[in-house]
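Remarks on the overall topology
Letter by letter, the chains look like this.
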Amino acid sequence: MEVDQLQRSFLEYSRLLFHEGFLDGQFSQLQLLQDESNPDFVFEVVSLFFEDSERLLNDLTIALDQQNVDFKKIDAHVHQLKGSSSSIGAQRVKNVCIAFRNFCDEQNVEGCLRCLQQVKQEYLLVKTKLEAQLRLEQQIVAAGGAIPMLNEFC
Amino acid sequence: MEEMGSDCSSSGLQELHVLAVDDSLVDRKVIERLLKISCCKVTAVESGRRALQYLGLDGERSSVGFDELKVNLIMTDYSMPGMTGYELLKKIKGSSKLREIPVVIMSSENVLARIDRCLEEGAEEFLVKPVKLSDVERLRDFILRGEEKNEREFSRKRKTSDDSCTPASSPSSSDSDLPSSPISPISVSTVSDEPRPKRARLLDDN
């Protein structure tokens, strides 16, 4: 496929991700930090986010499954997840975390369980989409092109 | 693709050495890159304890002599397990050896009481996460101006004084002739009319 066709697909796809709120301006900020000397920066950070999130989601599942729910511990985990999702621009995941923490404050188990369900869904969605976006990038690079910047989506 | 400050040697900028403290792996990676792309040397550690070890302040002998690792700026996350960024700040400001090093607190939570507490304790600035490239560049420029000023003052004092050289003053104590910078040192008691970008941004958030 032609490089500019691939680039257009990438931009279209990215535009959609921003428009639907999956990603916010922080993701564009990360892209600014990628260059020839660090061509895989975004991929590396996003990979760390995936690892981190999966560990936290696992810990949250276990913590909410206890007889006596430790809301402090849950809040600490959600705080971490909120932080890392915010750092990579995973907006929808971050937003669920905000709601999640409110339920922790209220010591509302039902609310927490619903949020856990929701945050897992949002996480899987953004993971799938970021992986698809990455594949488009890889195709561009393989065809000898440069990855378009996403500053317009800040 | 755009090149963002990738050629640090030709930019003529003195390289600051920044110690970054954050328990989040993702955030450490990001802050490290933000700093490197802004032509800073970075040492990133995961806890306050490790930071103190690195700075040679934990009572134990650090593996390298302190002078070799002169740290020009410490950037620390606020919420960390074990020792918080605030506690780290207090330890640093309470140390005669380290108190001159500017400390910046980073936090995803914009709690005014928290910000005030940190600034009162001597933090240079309170950055709301996620930290952006423009935050880091502005911070670097501010610290660089302070360092240059310290060097000029120090060499001036060496020429004019006999034996007693007062240590270089902290960047935060002498702000009268700094060009107007968005992060001019903040005194908690003053309520200035000048917009303080960080505060304004905090109040706008959610």
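All residue numbers here refer to positions counted from 1 along the written sequence of the relevant chain. Here every chain gets a letter starting at A, and every ligand a number starting at 1, in the order they are written. The predicted nature of this model means local features are confined to residues of pLDDT at least 70 and side-chain atom pairs, given and counted, to a pLDDT of 80 or more, with totals for whole chains, interfaces and linings taken over all residues. Calculation of side-chain values draws on the structure's entire complement of heavy atoms; hydrogens and water are dropped beforehand.

Next up on the list: the overall build of chain A. Each helix is a run of H or I in the DSSP string that is no shorter than four residues. Each strand is a run of E no shorter than two, and both are numbered from the N terminus. Check the secondary structure of chain A and you find six helices and zero strands. Secondary structure elements in chain A, listed N-terminal to C-terminal, are α-α-α-α-α-α. Each principal axis of the C-alpha distribution contributes one length, and for chain A these read about 60 × 25 × 20 Å. Exposure categories follow from relative accessible area, calculated using a 1.4 Å probe and restricted to protein chains: below 20% of the type maximum is buried, above 50% is exposed, and the middle band is partly exposed. Scored against the burial criterion, the 154 residues of chain A give a buried share of 51%. Summarising the internal contacts of chain A: among those between residues at least 6 apart in sequence, 69% fall at separations of at least 24. A total accessible area of about 7,600 Å² is found for chain A, and carbon and sulfur atoms account for 49% of it. When charges are tallied, Lys and Arg are placed among the positive residues and Asp and Glu among the negative ones, while His and the ends of the chain are skipped. Every charge is mapped to an atom, namely NZ of Lys, CZ of Arg, CG of Asp or CD of Glu. Separation between the mean location of the 14 positive side-chain charges and that of the 23 negative ones in chain A comes to 6 Å. Whether two residues touch is decided by their heavy atoms; if any such pair falls within 4.5 Å, the residues are in contact. Note on areas: these come from Shrake-Rupley sampling with a 1.4 Å probe, and a residue is covered only by the protein chains present in the view.

Take the interface of chain A and chain B next. Facing the 28 residues of chain A at the interface are 20 residues of chain B. Each of two parts loses accessible area, computed with a 1.4 Å probe, when they are put together; buried area is these two losses added. Summing the contributions of chain A and of chain B, the shared interface buries around 2,200 Å²; its carbon and sulfur component is 61%. Three residues, A:Leu33, A:Asp35 and A:Leu48, lead the burial of chain A against chain B; their summed loss comes to 23% of the area buried on that side. For this analysis, a salt bridge means a side-chain nitrogen from Lys or Arg found within 4 Å of a carboxyl oxygen belonging to Asp or Glu. In this assembly, chain A and chain B are joined by three salt bridges. Among the salt bridges present, the one from B:Lys29 reaches A:Glu44, with a minimum N-O distance of 2.8 Å. Looking at the side of chain A that touches chain B element by element, the count peaks at seven residues for helix α4 (residues 71-88) of chain A. The nonpolar class holds Ala, Val, Leu, Ile, Met, Phe, Trp, Tyr, Cys and Pro. Asp, Glu, Lys and Arg form the charged class, and all remaining residues, Gly among them, are polar. Per-class residue counts for the side of chain A that touches chain B are 11 nonpolar, 11 polar and six charged.

In the segment running from B:Lys129 into B:Pro130, the intervening peptide bond is cis, with an omega of 5°. Structurally, the position occupied by B:Pro130 is in the loop between β5 (125-128) and α5 (133-160). One non-glycine residue with positive phi stands out, namely A:Gln107, at about 55°. Examined against the element boundaries, A:Gln107 turns out to sit in the loop between α5 (91-105) and α6 (109-142).

Moving on, we come to the packing of aromatic side chains. Residue and element names in this part refer to chain A. Aromatic pairing here means that ring centres of Phe, Tyr or Trp (its six-membered ring) are within 6.5 Å. Orientation follows from the plane angle: under 30 degrees is stacked, over 60 is edge-to-face, and everything else is tilted. Summed over all chains, the structure comprises four aromatic pairs over all chains. Taking 6.1 Å as the distance between ring centres and 80° as the angle between the ring planes, the aromatic pair formed by Phe50 and Tyr123 counts as edge-to-face. Remark: Tyr123 occurs in helix α6 and Phe50 occurs in helix α3 (residues 41-64); sequence separation between them is 73 residues. Given the relative accessible area of 11%, Phe50 is considered buried. A residue is classified by how much of its surface remains accessible, and Tyr123, at 3% relative accessible area, is buried. What links up through ring pairs into an aromatic cluster is the set Phe49, Phe50 and Tyr123.

A word on the sheet that holds strand β4 (residues 103-107) of chain B. All names here are of chain B. Strand pairing is assigned whenever DSSP detects at least two bridges linking the two strands. Ordered by their spatial adjacency, five strands build an open sheet running β2-β1-β3-β4-β5, and the pairing between neighbours is parallel. A single partner strand is all that each edge strand has here, and the edge strands are β2 (40-45) and β5. Each strand of the sheet is rotated relative to its neighbour by a mean of 20°, with strand direction disregarded. Note: strand β1 (residues 16-21) against β2, six bridges, orientation parallel. Looking at β2, one finds that Ala20 is bridged to Ala44. To get an axis, fit a line to the C-alpha atoms, keeping to the stretch in contact for a helix; angles then go from 0 to 180 degrees between the N-to-C directions.

All names here are of chain B. The UniProt entry lists Asp77 under the feature "modified residue: 4-aspartylphosphate" (unreviewed entry), expressed in the numbering used here. Considering the arrangement of structural elements, one finds Asp77 in strand β3 (residues 73-77). Contacts of Asp77, omitting those with residues within four sequence positions, involve Val21, Asp22, Asp23, Gly85, Met106, Ser107 and Lys129. UniProt positions are given in the numbering used here, feature names are shortened, and annotations may be inferred rather than shown by experiment.

Moving on, we come to the UniProt feature "domain: HPt" (unreviewed entry) in chain A. Cross-referencing UniProt, the feature "domain: HPt" (unreviewed entry) maps to residues 38-143 of chain A in the present numbering. A distance of 19 Å separates the end C-alpha atoms of residues 38-143 of chain A, which is 86% helix and 0% strand.

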